[in-house]
Amino acid sequence: MKSFELYEPKTVKEAVDTLSKFGNKARPLAGGSDLVSGVMKDWVEGKGMPLPDALVDLDTIPGLKGIKVDAQGATIGAMTTLSDIIESKELTERFPLLTQSAHSVASQLIRNFATLGGNINQRPRCWFFRGKDFDCYKKGGDFCFSVSGDNRYHAIIGGELCYIVHPSDTAGALLALNAQAKVVGPGGERMVAFDDYFVGPRENILNENVLKPEEIMTEVFIPAPAAGTKQVWEKLKDRQVYDFAIVSVAAAFTVQNDTWTDGRVVLGGVAPVPYRATGIENQLKGKNIKTAIRQAAATIRTASRPMSMNSYKVDVAQNMVERTILGALA
Ligand SMILES: Cc1cc2nc3c(=O)[nH]c(=O)nc-3n(C[C@H](O)[C@H](O)[C@H](O)COP(=O)(O)OP(=O)(O)OC[C@H]3O[C@@H](n4cnc5c(N)ncnc54)[C@H](O)[C@@H]3O)c2cc1C
Ligand code: SF4
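A few points on the structure. Please read all numbers here as calculations on a predicted model, not as lab measurements. (Residues numbered from 1 in each chain as written. Chains lettered and ligands numbered in written order. Predicted model: local features only at pLDDT ≥ 70, side-chain atom pairs only at ≥ 80, totals over all residues. Heavy atoms only, no water.)

## As for the site of ligand 1
Okay, step 1: The environment of ligand 1 is made up of 32 residues, and the closest members are Pro 28, Gly 32, Ser 33, Asp 34 and Thr 115.
Okay, step 2: Between ligand 1 and the protein, one listed contact pairs an oxygen atom with a backbone N or O atom of Gly 31 at 2.8 Å.
Okay, step 3: Take Gln 122: an N or O atom from its side chain is 3.2 Å from a nitrogen atom of ligand 1.
Okay, step 4: Compared with its free state, where it exposes 970 Å², ligand 1 has 94% of that area covered by protein.
Okay, step 5: Within the residue set of the shell around ligand 1, elements represented by two or more residues are strand E2 (26–29), helix H7 (116–121) and strand E8 (216–223).
Okay, step 6: For the shell around ligand 1, the element with the most residues is H7, which contributes four residues.
Okay, step 7: Split by residue class, the shell around ligand 1 holds 15 nonpolar, eleven polar and six charged. (Near = heavy atom within 4 Å. Polar contact = N/O pair within 3.5 Å; in protein donor to acceptor, adjacent residues only side chain to side chain. Areas by Shrake-Rupley, 256 points an atom, 1.4 Å probe, with all protein chains shown as cover. Helix = DSSP H or I, 4+ residues; strand = E, 2+ residues; numbered from the N terminus. Nonpolar A, V, L, I, M, F, W, Y, C, P; charged D, E, K, R; others polar.)

Here it is, written out as structure tokens:
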């Protein structure tokens, strides 16, 4: 692994100042399960993605960990571990979609030190991206190897130039829950809705979100859902032990006598960003879910442009949406 300088700031401002000094040659460090034991260990680098000279450890900053749940919603520090989220009784009661998605991440060992901020901001898992001999677009190169290579796990929606799927399970759940991230940088802090947080390859091929190199996510806010909101999470994996999603479905919606009143449906494993299936939401609005769901789920076919080896994902996504939403009514 390449050597690096380790900074241990005591405040968010100190962290931001240090990141600003190094530009794109420094990275914030959370649990390190992706950054250190993935990206840096495996020398995942390129012209547009230099390996960091400096890591800025967020663990030394007090106040970035913790969970607060009140009438307004839940505020979760970015450095809160996934295990702490899963073990929170209040989150399990009020936001089961988040706790279930966190529970489906990796293994118990990893969840014990992997953080919410790290899970949301982790880099993609495309095997060409992770292979150091493949200088692809996402690393600043001039080719996408998935187009002619093995693309069975790649995107079926929204792939342009690059066909990654967003790897984070909690990101999909948070988007379905209409959450926001607090981002702090040299210019101060701002709240960014998860609707606007993730960016596809056409917008920025070198990154998957709006964070600038000198910015950090400090917390996540989830607004209290309307009374009676149904929250459901489903994830299909290739292996029954820990694995990333082939397709995941996160949905949060309100119902009156089986009629969909409002809600969000988000798919993971299908697009470079957690994919909000507004086509499905619009088809369901004001309709009896039991009679409308089949046709609504089929709209995924219109949005999909599968690659040579992944058209199976279109069927999986359609069926999972139908099964997951009907399951929530039962
Ligand atoms: C074997 C294995 C299986 C896995 N399976 C799954 C899975 O099924 N589902 C899933 O969702 N994930 C999965 N993961 C990924 C894992 O969840 C992530 O590695 C982990 O969540 C990252 O958290 P971390 O705190 O260790 O982040 P780090 O590795 O420290 O950081 C990850 C990235 O996020 C950036 N970052 C971290 N915190 C912040 C912050 N607060 N602000 C700005 N940037 C930040 C870092 O700079 C880095 O680029 C798996 C990983 C492994 C190794
Ligand atoms: S899908 Fe994206 S990350 Fe994978 S090889 Fe193509 S450009 Fe690189």
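## A few points about the side chain of His 154
Okay, step 1: Residue placement: His 154 occurs in the loop between helix H8 (127–130) and helix H9 (169–176).
Okay, step 2: On the basis of relative accessibility, which here comes to 5%, the residue His 154 falls in the buried class.
Okay, step 3: For His 154, the residues in contact, after removing those within four places along its chain, are Cys 126, Trp 127, Phe 128, Ser 146, Tyr 163, Val 165, Gly 269, Met 307, Asn 310 and Lys 313. (Buried < 20%, exposed > 50% of the residue type's maximum accessible area, 1.4 Å probe, protein only. Contact = heavy atoms within 4.5 Å.)

## Quick notes on the environment of Thr 302
Okay, step 1: Along the polypeptide, Thr 302 turns up in helix H13 (residues 299–303).
Okay, step 2: By relative accessible area, Thr 302 is classed as exposed at 61%.
Okay, step 3: Taking the C-alpha atoms as reference points, Thr 302 and Gly 279, 23 residues apart in sequence, are found 9.4 Å from one another.

## Let's talk about helix H14 (residues 312–329)
Okay, step 1: Compared with an ideal rise of 1.5 Å per residue, which puts 18 residues at 26 Å, H14 spans 26 Å between its outermost C-alpha atoms and is within 8% of the ideal.
Okay, step 2: Where H14 is concerned, the buried positions are Lys 313, Val 314, Val 316, Ala 317, Gln 318, Met 320, Val 321, Glu 322, Thr 324, Ile 325, Ala 328 and Leu 329.
Okay, step 3: Buried residues along H14 sit in contact with strand E9 (230–236), strand E10 (247–256), strand E11 (259–268), helix H11 (278–284), helix H12 (289–297) and H13. (Expected span 1.5 Å × (residues − 1).)

## Description of the packing of aromatic side chains
Okay, step 1: This model, assessed by the stated rule, comprises ten aromatic pairs.
Okay, step 2: Judged by centre distance (4.6 Å) and plane angle (10 degrees), the rings of Phe 253 and Trp 260 are stacked.
Okay, step 3: Under the relative-accessibility criterion, Trp 260 is labelled buried at 1%.
Okay, step 4: Three or more aromatic residues link up through ring pairs in this structure, and these residues are Phe 128, Phe 134, Phe 143 and Phe 145. (Phe/Tyr/Trp six-rings, centres within 6.5 Å; stacked < 30°, edge-to-face > 60°.)

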